[in-house]
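Chain and residue survey
Below are the chains, spelled out letter by letter.
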Amino acid sequence: MGKVLVVEDDEGIRLLLCDVFRNAGYTVRIARDGQDALTILEHEGGFVILLDMRLPKISGLEVIRWLEEHPKLAEANTIIAMSAEWASQQNTPSPSSALVRASFSKPFDLEEVLSLVQTHAPKLHSW
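For every chain, the first residue of its written sequence is number 1, and the numbers climb from 1 along that sequence. Confidence filtering applies because this is a predicted model: local features only for residues at pLDDT of at least 70, side-chain atom pairs given and counted only at 80 or more, and all residues used for totals across whole chains, interfaces and linings. Only heavy atoms go into the side-chain values, all of them from the structure, while hydrogens and water stay out.

1. A few points about the sheet that holds strand 1 (residues 3-7)
Two strands make a pair as long as DSSP finds a minimum of two bridges between them. Secondary structure elements follow DSSP: runs of H or I no shorter than four residues count as helices, runs of E no shorter than two count as strands, and numbering proceeds from the N terminus. In space, the five strands of this open sheet follow the order 2-1-3-4-5, with parallel pairing throughout. Because the sheet does not close on itself, it has two edges, and the strands there are strand 2 (27-31) and strand 5 (100-105). Within this sheet the neighbouring strands show an average axis-to-axis angle of 20°, counted without direction. Pairing analysis gives five bridges linking strand 4 (residues 78-83) to strand 5, with the strands arranged parallel. Each bridged residue has a counterpart across the sheet, and for I79 the counterpart in strand 5 is V100. Strand contacts of helix 2 (residues 34-43): strand 1, strand 2 and strand 3 (47-52), with the helix running at about 135° to strand 2, the strand carrying the most contacts. In this fold helix 3 (residues 60-68) packs onto strand 3, strand 4 and strand 5, with an angle of close to 145° to the strand it touches most, strand 3. Lines fitted to C-alpha atoms define the axes here, with helix axes fitted over just the stretch in contact, and angles between the N-to-C directions of these axes take values from 0 to 180 degrees. In what follows, a contact means two residues having at least one pair of non-hydrogen atoms within 4.5 Å.

Okay, structure coming up:
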């Protein structure tokens, strides 16, 4: 069906999203922080990336900037950004990169997140 990379430091959220997407037929990879995500993306592509913006080591925004500097890798992936800050109305802007196709706030509705991934998965270039 497609591939999803869940980049999330909260284990409960990470496991929940993995279960949802595996049950929907997606191949799922996980990254606990931005550094893990970059390591995966250097070797594999074709993902819809569910990217938490606040991560240890390397933030979600830094992952986006890195992909922007690597156009071939950026072309092979698309990003759906997620953050708890947006929901709490703090001064954290949503990312404005062209790589970010959608965003959502935590807490989230699982059906809406699944729908976002289904919408963006077919638009990816093959890896």
